[in-house]
Amino acid sequence: LKIVILVIGCSLFFACNEKKQLIQSPRDIAIIPEPAQMVLGKGSFEFNSETRFVAVGKGQKEVATLLIEKFHSATGINLQIVEKEPASNFIVFEEDKSLENEAYRLKISNNSVRISANGYSGFLYGFESIRQLLPPQLEGNENQQDINWSIPCLEINDHPRYSWRGLMLDVARHFFKKEYILKTIDRMALFKLNTLHLHLVDDQGWRIEIKKYPKLTEIGGFRVDQEDKHWDARTENKLDDPATYGGFYTQEDIKEIVAFAGKHGITVVPEIEMPAHVMSALAAYPEFSCFDEKIAVPSGGVWPITDIYCPGKEETFEFLQNVLLEVMDLFPSKYVHIGGDEATRTNWEKDPKDQKRMKEEGLKNTAELQSYFIKRIERFISSHGRILLGWDEILEGGLPPGATVMSWRGIQGGWEASEQGHDVVMTPGDWTYFNQYQGDPDYEPIAFGGYVPLSKVYSFDPVVDSMSVAQKKHILGGQANLWSEFITDDKESEYMLYPRLAALSEVLWTPKNKLDWKRFSEKIPALFKRFVAMGITYSRSAYAVTAKSTLNMKNATISVVLSNEFTGSDIRYALDDEKLDTSSKRYSAPIVLDHTTTIKAAVVENGKIVGDTLKKTFNFHKAIGKPVAYDPMYSKLYQGEKEINMVNIIRGSKNFHDGQWQAWLVKDAEITIDLEKPIEISSVAVGSMENQGSGIYYPIQIEVAVSADGKKYTKVGKIKREFRNYGYVGLKDFNIDFEAQKVRFVRLDAKNLGHPPKGGDAWMFLDEIVVE
Ligand code: NAG
């Protein structure tokens, strides 16, 4: 009966309030993450300056205050909290112990809003849903006086799928100011994320004040300013170079961050790296390294990482325990992250103290010594009632009994840890490393390589089918990691986080059977409006049009399919010199080309071009579709389109995973094209890529030879290229012109750099041999 009255009540209200009522179906509601259950009623609840909050129980006032503050900064109006329910026009918090943690129920009728939950987070999430029902103006500082904002009558029953819904910020490689951290916390709360993992320590910076060891921040907190250079192009610092880039959080800052996060339902998990990624600490206190060597805090990438803590010295453990004591005092978090990744243990092999330790402890190798290290720290952390969390390397040599694993090198580590009965947080790079590209690198700010577009994030699931029921229970959830080597400021950080963080929040919160990419796409315009009001620099890469083309050998045409990540977008395109604008041709079917053509394309929404414009030339050269022989064969990891790849017109992009590149590791390549009959040609070009951060280098030499019979070859040209330390992702065509001649065979020899000066193996990436 109540419901009936409610519906009638709402519809009456609806009748007299028609102008403001735009919500007609659940599709008009754009809450992210999508609630578990939502039933739309009729009509709406209208906020005005007389609206009251009824908040008496624990935590209710605090949540009410968060919403009141939003209204205040948007409108200048101060809504009031009262103790008793007025007759109408109020929002009431009701404790309901039958609801699970973080769950909430929201009942919106035309005269009241009821938020029920069993505690603080539930109330908070009720508020966050209301926030997303309200117009984006709520997020601004417009002081617009007029409220009269209405939210639709509905009932939501909502609860999260996973208990760990996180974001990691790497504040070490790029130092983010406290204010940015606070802003990020509010944004995380909008998406009902509940864990902020702060990567406080790395080679390039120590970012938390430790009273007992002041040099950690005095020295370890700063590095030589090479911010104007790309991360991979930064040079080694000398000990006495002035170190001016950096900063750190004082213990007071940390308390403020932790308290602010708590108010937003967010636990801050500190990460204190060990035994590697700690050059900043060793620059301050060389006595905790194996050979007491004095080093400078590096300004850029260091690989492999050999300057690490020394487990042969008792002082190292004493130091780390003292640091952890101060850290545990500051962070109430149950979990303490100790890093554990990417240690190269060559110093441990050489150091007699470490060798002695291994003997005494009966350890077979340095992997076991590392495990000894982590286990010792784990005992310390658990004796203080906390849980050790570490990157999946902590599995090597044996996992400490109480440890939780953060799986980053794919899901494998998490799979194994959960099988051994340990809890796991999934952060596999291919889905959750937000330092990677989200769109075509040709149009994106420089990122880490790799490709994690919005839809890829949306396909993330922390559990996989191959896990047993028991294993699945150990998967706490997932998290996005924003490593900041390539992040230069707050804006760029925002660009990498939004909207991908919204997609992540949905896959970690919403029941699996309600996840729906199309529905998520439909919520994007509303989300972007809110981002604008919130002053967030967000990415529209998901709108950017990409071209996928296939070669049709029979009639030597290519068919170009244009798409963007969202389904059903209005894509417009223009050919060659035609102008691309909102009235250009609408794309509806693959475009078939039979001669060299340039395609331009973009998405149009609400009469405007949104996102980047694609511009791509398809060059119909003389070797299209001809047989190609390789010696040696390209790597199994990068096969492109196999035998057709080098002559398929389609060019590899800056995304080295785009399926158009063929690559050789360390080896040189000899590629021969058979033109099948003598043809007059006068130039041969080959495309190549450089992405030193990902170990990809331009060839150091290209040589072209031609032949009439495939036996006797004549050299027609050679390009030599000196190796250069180059930080950016680049594309280059090596072009060789020669006197026009009739030939049947073209042979290209590409020399691999082999081993770059800084060590490691070089990849050589080639695509398309253009013969003209
Ligand atoms: C890994 C490193 C990290 C680096 C990131 C870049 C982990 C656990 N370790 O090599 O320090 O910033 O990748 O993507 O991710």
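Residues numbered from 1 in each chain as written. Predicted model: local features only at pLDDT ≥ 70, side-chain atom pairs only at ≥ 80, totals over all residues. Heavy atoms only, no water.

Enquirer: Please explain the environment of Asp-737 as it appears in this structure.
Expert: With respect to the helices, strands and loops of the structure, Asp-737 is situated in strand 32 (residues 730–751). As a C-alpha pair, Asp-737 and Ser-683 span 54 residues in sequence and 4.3 Å in three-dimensional space. Beyond its immediate stretch of four places on either side in the chain, Asp-737 contacts Ser-682, Ser-683 and Val-716. For Asp-737, the side chain forms a polar contact with the side chain of Asn-735, separated by 3.3 Å. (Helix = DSSP H or I, 4+ residues; strand = E, 2+ residues; numbered from the N terminus. Contact = heavy atoms within 4.5 Å. Polar contact = N/O pair within 3.5 Å; in protein donor to acceptor, adjacent residues only side chain to side chain.)

Enquirer: Explain the pairing of strand 20 (residues 546–552) to me, please; I cannot follow it from the model alone.
Expert: Within a regular strand, the side chains alternate between the two sheet faces. Alignment of strand 20 against strand 21 (residues 557–563), held across seven bridges, turns out to be antiparallel. For Thr-546, the partnering residue across the bridge sits in strand 21 and is Ser-563. Linking two consecutive strands that pair antiparallel, namely strand 20 and strand 21, is a turn of four residues; a positive phi of about 50° is found at Ala-556 within it. (Pairing = 2+ DSSP bridges.)

Enquirer: Would you mind showing me how to read the site of the ligand here?
Expert: Taken together, Arg-173, His-277, Asp-341, Glu-342, Trp-391, Trp-408, Tyr-433, Asn-435, Phe-448, Trp-483 and Glu-485 are the residues near the ligand. Within the side chain of Glu-342, a nitrogen or oxygen atom sits 2.7 Å from an oxygen atom of the ligand. Contact distances for the ligand include 2.5 Å between an oxygen atom and a side-chain N or O atom of Glu-485. (Near = heavy atom within 4 Å.)

Enquirer: Please explain the state of the cysteines as it appears in this structure.
Expert: Should the sulfur atoms of two cysteines be covalently bonded, the bond is a disulfide. According to the stated counting rule, one finds zero disulfides in the structure shown. Unpaired in terms of disulfides, Cys-290 finds its nearest cysteine sulfur in Cys-310, a separation of 3.9 Å. Assessed through its relative accessible area of 2%, Cys-290 is described here as buried. By relative accessible area, Cys-310 is classed as buried at 0%. (Disulfide = S-S within 2.5 Å. Buried < 20%, exposed > 50% of the residue type's maximum accessible area, 1.4 Å probe, protein only.)

Enquirer: Could you clarify how one ought to interpret the sheet that holds strand 21 in this entry?
Expert: Strands in a sheet are paired, the pairing made by backbone hydrogen bonds, and the direction either parallel or antiparallel. Here we have three strands laid out as an open sheet, ordered 20-21-24, and antiparallel in their pairing. Edge positions in the open sheet fall to strand 20 and strand 24 (591–593), since each of these has one partner strand only. Averaged over all pairs of adjacent strands, the angle between strand axes in this sheet comes to 25°, irrespective of strand direction. (Axes fitted to C-alpha atoms, helices over the stretch in contact; angles between N-to-C directions.)

Enquirer: Is there a simple way to think about unusual backbone geometry in this case?
Expert: With the exception of glycine, the majority of residues adopt a negative phi angle, and the majority of peptide bonds are in the trans configuration. Ile-32 connects to Pro-33 through a cis peptide bond whose omega is -5°. For Pro-33, the location among the structural elements is in the loop between helix 1 (2–16) and strand 1 (37–47). The step from Asp-631 to Pro-632 runs through a cis peptide bond, and the omega angle for that step is -5°. Mapped onto the elements, Pro-632 comes out in the loop between strand 27 (628–631) and strand 28 (662–665). The residue Asp-576 is not glycine, and still its phi comes out positive at about 45°.

Enquirer: Mind showing me how you'd approach helix 18 (residues 517–534) here?
Expert: One turn of an α-helix holds 3.6 residues; hence residues three or four places apart share an orientation. Here helix 18 contains 18 residues, and its C-alpha end-to-end distance of 24 Å stays within 8% of the 26 Å for a straight helix at 1.5 Å per residue. Most pronounced at Ile-524, the bend in helix 18 amounts to some 35°, and the proline Pro-525 follows within four residues. Residues Trp-517, Arg-519, Phe-520, Ser-521, Lys-523, Ile-524, Leu-527, Phe-528, Arg-530, Phe-531 and Met-534 constitute the buried set of helix 18. Its side-chain oxygen 3.1 Å from the backbone nitrogen of Lys-518, Asp-516 forms the N-cap of helix 18. After helix 18 finishes, the residue Gly-535 shows a positive phi value of roughly 75°. (Expected span 1.5 Å × (residues − 1). Bend = angle between axes of the 7 residues up to and from the residue.)

Enquirer: Looking at this model, I keep getting lost on the packing of aromatic side chains. Mind explaining?
Expert: A ring pair, where both rings are aromatic, is described by two values, the distance of the centres and the angle of the planes. Within the structure shown, the criterion is met by 45 aromatic pairs. Ring geometry for Trp-348 and Phe-373: centres 6.3 Å apart, planes at 10°, overall stacked. Of the two residues, Trp-348 is situated in helix 9 (residues 346–350) and Phe-373 in helix 11 (residues 366–383); the sequence distance between them amounts to 25 residues. For Trp-348, a relative accessible area of 0% gives the class buried. When the centroid spacing of 5.2 Å and the interplanar angle of 85° are considered together, the rings of Tyr-638 and Trp-763 count as edge-to-face. Placement of Tyr-638 in the loop between strand 27 and strand 28 and of Trp-763 in strand 33 (residues 763–771) is noted, with a sequence separation of 125 residues between them. Like Tyr-638, the residue Trp-763 is buried in the burial classification. (Phe/Tyr/Trp six-rings, centres within 6.5 Å; stacked < 30°, edge-to-face > 60°.)

Enquirer: Is there a simple way to explain the environment of Trp-149 in this structure?
Expert: As for its position among the elements, Trp-149 is in strand 7 (residues 149–158). The class for Trp-149 is buried, based on a relative accessible area of 9%.

Enquirer: What exactly am I supposed to notice about the sheet that holds strand 25 (residues 597–605) here?
Expert: As summarised here, the arrangement of the four strands in space is 23-22-25-26, forming an open sheet in which the pairing is antiparallel. Of all strands in the sheet, those bounded by a partner on one side alone are strand 23 (585–586) and strand 26 (608–618). Bridging between strand 22 (residues 570–575) and strand 25 involves six bridges; their strand directions are antiparallel. Within strand 25, the position partnered with Arg-572 by the bridge is Ala-602.

Enquirer: What am I meant to see in the confidence of the model for the protein here?
Expert: Low-confidence regions, as indicated by low pLDDT, have predicted coordinates that should not be scrutinised in detail. Overall, the predicted model of the protein reaches an average pLDDT of 93, with 97% of residues at or above 70. Scored below 50 in pLDDT, residues 1–21 shows 21 contacts in the model against residues more than four places distant or in partner chains. (pLDDT = per-residue confidence, 0-100.)

Enquirer: Mind showing me how you'd approach the nonpolar core here?
Expert: Burial of nonpolar side chains together is a common tendency in soluble globular proteins. Counting 147 residues, the largest nonpolar core has Tyr-309 and Leu-562 as its most contacted members. It is helix 8 (residues 314–330) that contributes the most residues to this core, eight residues altogether. Dropping the residues within four chain positions of it, Leu-562 is found in contact with Val-545, Thr-546, Ala-547, Ile-571, Tyr-573, Tyr-587, Ile-591, Ile-599, Ala-601 and Leu-614. (Core = buried A, V, L, I, M, F, W, Y, C linked by side-chain atoms within 4.5 Å.)

Enquirer: I'm lost on the pattern of salt bridges in this one. Help?
Expert: Counted under the stated rule, the structure contains 45 salt bridges. Residues Glu-139 and Arg-530 are paired through a salt bridge, measuring 2.9 Å at the closest nitrogen-oxygen approach. With Glu-139 in the loop between helix 3 (120–133) and strand 7 and Arg-530 in helix 18, this pair connects stretches of sequence that are 391 residues apart. For Arg-530, a relative accessible area of 6% gives the class buried. Between Glu-578 and Lys-585 there is a salt bridge, and its shortest N-O distance comes to 3.0 Å. One connected set of salt bridges, linked through shared partners, spans Glu-34, Glu-506, Lys-518, Arg-519, Glu-522 and Lys-523. (Salt bridge = Lys/Arg side-chain N within 4 Å of Asp/Glu carboxyl O.)

Enquirer: Could you clarify how one ought to interpret the side chain of Arg-187 in this entry?
Expert: On the secondary structure map, Arg-187 appears in helix 4 (residues 178–190). With relative accessibility at 4%, the residue Arg-187 sits in the buried group. Excluding anything up to four places from it in sequence, Arg-187 contacts Tyr-180, Glu-494, Tyr-498, Met-534, Gly-535 and Ile-536.

Enquirer: Help me out: how do you make sense of the packing of helix 10 (residues 352–361) against helix 11 in this one?
Expert: Any two packed helices are characterised by how steeply their axes cross, that is the angle between the axes, and by the distance between the axes. Running from N to C, helix 10 and helix 11 point in directions that differ by 80°, and their axes come no closer than 10 Å. Classified by the interaxial angle, the pair formed by helix 10 and helix 11 is roughly perpendicular. Contacts between helix 10 and helix 11 involve Asp-354, Arg-357, Met-358 and Glu-361 from the former and Thr-366, Leu-369, Tyr-372 and Arg-376 from the latter. Across the contact of helix 10 with helix 11, the residue classes break down as three nonpolar, one polar and four charged. (Parallel < 35°, antiparallel > 145°, perpendicular 65-115°, else oblique. Nonpolar A, V, L, I, M, F, W, Y, C, P; charged D, E, K, R; others polar.)

Enquirer: How do you make sense of the pairing of strand 30 (residues 701–707) when you look at a structure like this?
Expert: With seven of seven residues buried, strand 30 lies mostly within the body of the structure. Neither face of strand 30 is left uncovered, since the one carrying Gln-701, Glu-703, Ala-705 and Ser-707 and the one carrying Ile-702, Val-704 and Val-706 both have all their residues buried. The pairing of strand 30 with strand 31 (residues 713–720) spans seven bridges and is classified as antiparallel. Counterpart to Ser-707 in the pairing with strand 31 is Tyr-713. Hairpin connection between strand 30 and strand 31: a loop of five residues separates the two successive antiparallel strands, and Gly-710 in this loop has a positive phi of roughly 80°.

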